[in-house]
Amino acid sequence: MKKIEHIGIAVKDLEKSNELFAALLGEEHYKIEEVVSEFVKTSFFKVGENKIELLEATSEQSAIAKFIEKKGEGIHHIAFDVEDIEAEMLRLKNLGFRLLNETPKKGADNKLVCFIHPKSANGVLVELCQEIKTLQECEGK
Ligand code: ZN
């Protein structure tokens, strides 16, 4: 793993939280992106080398809606930047970690992502993410 790519925070109201985090970080978000397949709307802030991702549910079936219902707003996941997501998924699977998706899927911010079940990581939802470099890598995933 290369570095912490971003920390994901579940919020109820993206617009309000964008203002709050802009005030907190002293900088506006640099993008808003909806991930239709995951029923979330996200916004991203840069903090030096790292990012903060705010996530708002767009539907009740969203994992974010369920998270907020159970635990309230707050830190939802930690994402690590990886060079080769499939190699990393295989490595972790062989170590007994439970992957939430068997193949990488397209996430926000031009990334291929895979989540690791919090039950196999001390209660922390871990996201692996690999930058999509070419169109080819994106196709068929
Ligand atoms: Zn994320």
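Our structure is the block above this text.
What you are looking at is a predicted structure, and each value in this text was computed from that prediction instead of being measured.

K.L.:
Which residues make up the nonpolar core, and what are the values?
P.N.:
The nonpolar side chains of a soluble globular protein tend to be buried, and buried together. Grouped together as the largest cluster of nonpolar side chains are twelve residues: Val82, Ile85, Met89, Leu92, Leu99, Leu112, Cys114, Ile116, Ala121, Val126, Leu128 and Ile132. Those elements that place two or more of their residues in this core are α3 (85–94), β7 (111–116) and β8 (126–131). Residues contacting isoleucine 85, with those up to four places away along its chain left out, are Pro104, Leu112, Val113, Cys114, Leu128, Cys129 and Gln130.

K.L.:
Residues and numbers for the coordination of the zinc ion, please.
P.N.:
The protein atoms donating to the zinc ion are His6 (NE2), Glu53 (OE), His77 (NE2) and Glu127 (OE), with metal-donor distances spanning 2.1 Å. The site at the zinc ion holds four donor atoms, and with the angles between them running 83 to 174°, its shape is irregular. Residue class for histidine 6 comes out buried when judged on its relative accessible area of 4%.

K.L.:
Which residues make up a negative patch on the surface, and what values go with them?
P.N.:
Judged by side-chain charge, Asp13, Glu15, Glu19, Glu27, Glu28 and Glu73 come together as a negatively charged surface patch. Within the element layout of this structure, glutamate 15 appears in helix α1 (residues 14–25). With relative accessibility at 64%, the residue glutamate 15 sits in the exposed group.

Scoring rules and cut-offs
Residues numbered from 1 in each chain as written. Predicted model: local features only at pLDDT ≥ 70, side-chain atom pairs only at ≥ 80, totals over all residues. Heavy atoms only, no water. Core = buried A, V, L, I, M, F, W, Y, C linked by side-chain atoms within 4.5 Å. Buried < 20%, exposed > 50% of the residue type's maximum accessible area, 1.4 Å probe, protein only. Helix = DSSP H or I, 4+ residues; strand = E, 2+ residues; numbered from the N terminus. Contact = heavy atoms within 4.5 Å. Donors = N, O, S within 2.8 Å, 3.2 Å for Na, K, Ca; no water. Tetrahedral: all angles 85-135°; square planar, octahedral: opposite > 155°, others 65-115°. Patch = residues over 30% accessible without salt bridge, like charges linked within 9 Å, V, L, I, M, F, W, Y side chains within 5 Å. Areas by Shrake-Rupley, 256 points an atom, 1.4 Å probe, with all protein chains shown as cover. Salt bridge = Lys/Arg side-chain N within 4 Å of Asp/Glu carboxyl O. Lys, Arg positive; Asp, Glu negative; His and termini not counted. Charge placed at Lys NZ, Arg CZ, Asp CG, Glu CD.

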